[in-house]
Amino acid sequence: MRMRKKPDLKLHIPSYPQDYVEMPPETKRLILEANRTPNDIKYIDEDEPGTSDVNFTVGSPKDSAEVRSATPEVKFAETFESKTDKDEEKTDVTIGSDSPVVYRKLQRASISMPDEIKNFEGTNKEAKINFPAVTTPTSMRGVKRKDFDCIPLTQIPEHHQSSASGFSDGNGDDSNVMSDDDRVKTPLRSPRRKGARRLGRSEFSMDDDDYSPSNSVTSVNSLASLLKEKLQSIPQKMRKKPTDYKLRAFVALMFLAVVFFVSFAYVLYHQQALTKAYFDTVQFNEPKRLIRIYNKDEVEILRASLGVSLEGVKKSYPCLPEHRLGDGSECLQWARALRLYLKSLPHDPGLDNTTCYSVHWKALHSDIAPTDCFDWSDTKVHWYGGGQSLNLTWPVNTGLIDFTPFITGDIQKSQWSNVLTRYFINSKGAALIIDDETPLHVAINNGRKEICLKAKYDDFAFVNKVTEFPELRYNICTSKDMKSLHSSIHSHRRAPLWDGLKPKDMQTLESLISEPVWQIAPRFKHELNAETISKYTEDVINLGFLKQGHVLINEFWQNEIGDFTVDKSRFDTLNVTVDKLHRRGFKVTFTVQPFVSTESKNFAETVQKRLLVNERNGDRRIPALTRFKSSPSAGVIDITNNRSVPWILDKLQAVIDEYFIDSFYFDLGTAYDMPHYYQCEKQLINPDHYKTIFTKTFEKSLDIIGVSSAVSLPRPPIFVSLPPFESTWQALRQVIPTMLTYGVNGYPFIMPGAVGGDIYWPGSEQFLPSSKGLMESNAANSTQENGIDLPERELYMRWLQMATFLPVMKFTHLPSKYNDERVLEMAKNLTLLRQKLITPLLLKYKREALEEGLPLVRPLWLVTGGDSALSVRDEFAIGDELVVAPVLRPGETSREVYLPAGLWQDGIDGSLRKGSRWMHDYRVPVDRVAYFIRKPDDMRFK
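Each value, and the rule that gives it
Once a new chain begins, its residue numbering starts again from 1 and follows that chain's sequence as written. For a predicted model such as this one, the threshold for reporting local features is a pLDDT of at least 70, and the threshold for listing and counting side-chain atom pairs is 80 or more; totals across whole chains, interfaces and linings nevertheless cover every residue. Each side-chain value is derived from all of the structure's non-hydrogen atoms; neither hydrogens nor water enter the calculation. UniProt positions are given in the numbering used here, feature names are shortened, and annotations may be inferred rather than shown by experiment. When DSSP finds at least two bridges between two strands, those strands are taken to pair. Working definition: helices are DSSP H or I runs of at least four residues, strands are E runs of at least two. Numbering for both runs from the N terminus. The criterion used for residue contact is that any of the two residues' heavy atoms lie within 4.5 Å. Lines are fitted to the C-alpha atoms to define the axes, a helix being fitted only along its stretch in contact, and any angle between axes, read from their N-to-C directions, falls within 0 to 180 degrees. Any cysteine sulfur atom paired with another within 2.5 Å is treated as part of a disulfide. Relative accessible area decides the class of each residue, using a 1.4 Å probe on protein chains only: under 20% of the type maximum gives buried, over 50% gives exposed, and in between gives partly exposed. In a helix, the anticipated span is given by 1.5 Å times the number of residues less one. We call two N or O atoms a polar contact when they sit within 3.5 Å, provided that within protein one can donate a hydrogen and the other can accept it, with sequence-adjacent residues counted only if both atoms are side-chain atoms. Paired rings are identified among Phe, Tyr and Trp, the last through its six-membered ring, by centres lying within 6.5 Å, and are further divided according to the angle between planes into stacked (under 30 degrees), edge-to-face (over 60) and tilted (the rest). Consider the ring centre and the ring normal. A charge sits over the ring if Lys NZ or Arg CZ is within 6 Å of that centre and within 35 degrees of that normal. The set of buried Ala, Val, Leu, Ile, Met, Phe, Trp, Tyr and Cys residues whose side-chain atoms join them within 4.5 Å is what this entry labels a nonpolar core. Boundaries of every domain are those given by an automatic assignment or by a domain database.

You'll find the chain entered in an unreviewed UniProt entry as Putative family 31 glucosidase KIAA1161, with Papilio xuthus given as the organism. The UniProt entry for the chain carries the following comment under Sequence similarities (unreviewed entry): "Belongs to the glycosyl hydrolase 31 family."

Next comes the structure, spelled out in structure tokens:
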């Protein structure tokens, strides 16, 4: 009979207690019957007559302290006893009770033991087992018999030894011997080695190391049945693993989605939920103190960070009832630092579309300086207004200035300019109007792209405390666009500028526009006398093409500043000279300052009568001194003293009565010309408050044609002067941006400096020529007048071309002084152009300026829309009918020109030009100026 070794299938299926269940007995029986066939090959270890019983135990360790092996173990019993019974021998198998596995009933008899084992001595652990000769199955061929002849028990592999299993002869302890019922509970998986399974192996693979004749399958039926049983016994949890992976992935995605939405809601809460809407178009985020203002089209036009000085303080609280103003304003307070009031100001929608909001910060102790910053980094907006400085240009957001007191000063010293207005407007239709009592400091582009307003007291500019702690007050006004907003803010419809003007005032206003101003300002006092004035006016008349106009004489008509009487040592016949000037058609203007030199004959009188500004915290009888122009030491008349005004009026009226002077020009200096420790009889808000009071005090009692400095609009016909400029190309390029800024600030009538630059005199750093100006001067221009080098010829020509279109033409050097026919011919042509074209336009828009406050000279964005016009700084318009583009650089005969929308006629060749575009390399000869006249749109078809 062919016999073979029963294979030991090692199917590496993980064995976990919870993965197995008991198979019903009926199922076991049906499976065994289905697998039994007549042709089954008998195994070599099945029972045969004459063989001995072999008892062995298969199972798991019962010792709870020992880790259960994944592989069932087989051991020979310690002792073997022979049986006398010749009946069918049995093999008792005991399956460990703690092995929670699925068992099946074996379809074979118990394992037979060779005869040699019957005589095995229990104490001889080195006994050998001699197996009888058997027919070698095909799968066993190649295996040598000597490998099975004699196997010492001590050589049984360690992984087959266990304290819970062993061989038994049936007479020993039956606790570890399997019964016939338990014998069917053989596990469906084969034993596994204790060693760690190699990575990358399949549970159903068989390596060379594991292959042996005992683990080869020769029966196809047995293999099929075993696989079927294996598949049926695969734990339900393993079958559902793919579904578990999908579920886990779905849960992970849901978790991530929840995290995302929670984070998004958190951000939204802080950006939107914490942002309160005030007054329909105002949104304010309280923790961040970020305010956004929108127009009616829901477009953001202004963004600001409020309370920047509150670093680290985020939580705000509603104000207590006693701190509320009761005017409908919203009140918030941050700890004990700042209190904020927000209010919507009433307006009449029928008059305009302007809406204004009030912002009022109150500091609660002296260490806090309320600061608000208006950002333009993300909004792409341009800002205009305020004033000019050395590093500021047009628009102001392209410049740079650190926190500086917002008072008038010298632009050459990185201070603010001589004319200021607490007003800023942006290109999207939002404007800031700061209260006059705020101790204002302004910074632009100080580390970030923003305009910052700060309220802070100091020891000079804002030494007089209006409130106990600094307060920042300003209004935010919005409209549909910048042009309508500017017109609405500076409109004088309710109190037009012409209200109260006398016919004489209107005549003075028109004469300043239509006639030149002849400024006589020598460097030294002794250079000015009656003969100098007479000779200068004769030269003007000899030109033959310029009108007479106003003769402006500087402060040297006095012996010392503050005398307020004519120096008769130099002007012994001044009354005769003035009469001659009147007969020639000139008007005479004297320059007056509110300063009294210590060398003046009036100084002792003013000290005795206490008419001067005194030292703070000092004896009121001791005046505070300062330096002003040519006077190294001077006092300042206290205009708040009621005794000072009559004293000045008496002095000036005496000059008018004796010399028939036509008008005065007020040279008020800047805020920094005030004594550092000044104190007036009545408290001033800041040093600039002085010049406002001084101008308003005399503007109705004296004929005044201009002031050198201002922070508020004077009454017409008073013109506001541009600051003095050097005779340099750089100074020429500053004229247009400064003039446009003053116009936007609400000053419609502006008096520029002299053609070619202003005259300088010793004793004032403000008027000293810079080294750059000396370097740029042309060495070939050696022409002099009274020992002074004339401006460079080309610079003078380009300056004269630009000045022809300005509201007032002021001359110091006459065109005839160059002895150049080309210069003189150009001056004649420009004079004719001004008389025929420019002057009528200026007089036309003078009415609009008196009614609506719009300037005579305007930026291009007041003429047309579009982004291109916002940054043009070297062109300007007269009303909306004339665009001027002068050449401002040396040696250039061409330039870029931007034309606003519409149809324009070229002033050089008379051709028609399409607007709303740039013209590149536009040719401008040295004796011509580029200007364009608006024409009707249908003119191109005529």
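Engineer: Can you help me understand the sheet that holds strand S21 (residues 430-434) in this one?
Structural biologist: Spatial strand order, S13-S14-S15-S16-S24-S21-S20-S18: eight strands in an open sheet with antiparallel pairing. Of all strands in the sheet, those with a lone pairing partner are strand S13 (317-318) and strand S18 (383-385), marking the two edges. Where strand S20 (residues 423-426) meets S21, three bridges bridge the pair, whose relative direction is antiparallel. The residue of S21 that forms the bridge with isoleucine 425 is alanine 431. Here helix H8 (residues 482-489) sits on the sheet and contacts S18, S20, S21 and strand S24 (471-478); the angle it forms with S20, its principal contact strand, is near 160 degrees.

Engineer: Is there a simple way to think about the state of the cysteines in this case?
Structural biologist: In a disulfide, the sulfur atoms of two cysteines are covalently bonded to one another. Throughout the structure, instances matching the rule amount to three disulfides. The residue that forms a disulfide with cysteine 319 is cysteine 331, at a sulfur-sulfur distance of 1.8 Å. The chirality of the disulfide connecting cysteine 319 with cysteine 331 is left-handed, given an S-S dihedral of about -75 degrees. Of this pair, cysteine 319 sits in the loop between S13 and strand S14 (330-334) while cysteine 331 sits in strand S14, placing them twelve residues apart in sequence. There is no split in this pair, since cysteine 319 and cysteine 331 are both buried.

Engineer: For this particular structure, what's the right way to read helix H10 (residues 530-543)?
Structural biologist: Since the α-helix advances by 3.6 residues per turn, residues separated by three or four positions end up pointing in the same direction. For H10, built from 14 residues, the straight-helix expectation of 20 Å at 1.5 Å per residue is met to within 8% by its first-to-last C-alpha distance of 21 Å. What H10 keeps buried is the set Ala530, Ile533, Ser534, Tyr536, Thr537, Asp539, Val540 and Leu543. As for H10, its buried residues are in contact with strand S25 (517-520), strand S26 (550-553), helix H11 (574-584), strand S39 (810-811) and helix H18 (821-852). You can read the cap of H10 off the contacts: a side-chain oxygen lies 3.1 Å from the backbone nitrogen of glutamate 531, and it is on asparagine 529. Immediately downstream of H10, the backbone of glycine 544 shows phi near 85 degrees, a positive value.

Engineer: Explain the packing of aromatic side chains here, please?
Structural biologist: Aromatic ring pairs are reported here in terms of the distance separating the ring centres and the angle at which the planes meet. Considering all chains together, one arrives at 26 aromatic pairs under this definition. When the ring of phenylalanine 406 is compared with that of tryptophan 416, the centres are 5.0 Å apart and the planes differ by 65 degrees; the resulting orientation is edge-to-face. Linking phenylalanine 406 in the loop between strand S19 (401-405) and S20 with tryptophan 416 in the loop between S19 and S20, this pair joins segments that are ten residues apart in sequence. For the pair phenylalanine 406 and phenylalanine 424, a centre-to-centre distance of 6.3 Å together with 50 degrees between the ring planes defines the contact as tilted. Note that phenylalanine 406 is positioned in the loop between S19 and S20 and phenylalanine 424 in strand S20, a separation of 18 residues in sequence. Look at phenylalanine 406 and you get buried, because its relative accessible area is 4%. Phenylalanine 424 gets classed as buried once you look at its relative accessible area, which sits at 0%. The ring of phenylalanine 403 carries the charged tip of lysine 454 above its face, separated from the ring centre by 4.1 Å.

Engineer: Is there a simple way to explain the sheet that holds S39 in this structure?
Structural biologist: The eight strands are arranged S36-S35-S34-S32-S27-S26-S25-S39 in an open sheet whose pairing can be described as parallel. Each edge of the open sheet carries a strand with a single partner, namely strand S36 (750-751) and S39. Examined bridge by bridge, S25 and S26 share four bridges and lie parallel to one another. Residue pairing in the sheet places glutamine 519 in a bridge with leucine 552 of S26. Lying on the sheet, H10 is in contact with S25, S26 and S39; it crosses S25 at an angle near 145 degrees.

Engineer: How should the nonpolar core be read in this particular structure?
Structural biologist: What tends to happen in soluble globular proteins is that the nonpolar side chains get buried as a cluster. In this structure, Phe590, Phe666, Phe805 and Phe876 are the most contacted members of the largest nonpolar core, which totals 158 residues. By residue number, the principal contributor to this core is H18, which donates twelve residues. Built from parts of two domains, this core gets at least three residues from each of domain 1 (277-490) and domain 2 (847-935). Ignoring anything within four residues of it in the chain, the contact list for phenylalanine 666 reads Val592, Phe694, Phe698, Leu702, Ile704, Gly706, Val707 and Ser708. Leu302, Val396, Leu420 and Leu472 belong to the second-largest nonpolar core, a separate cluster that totals 43 residues.

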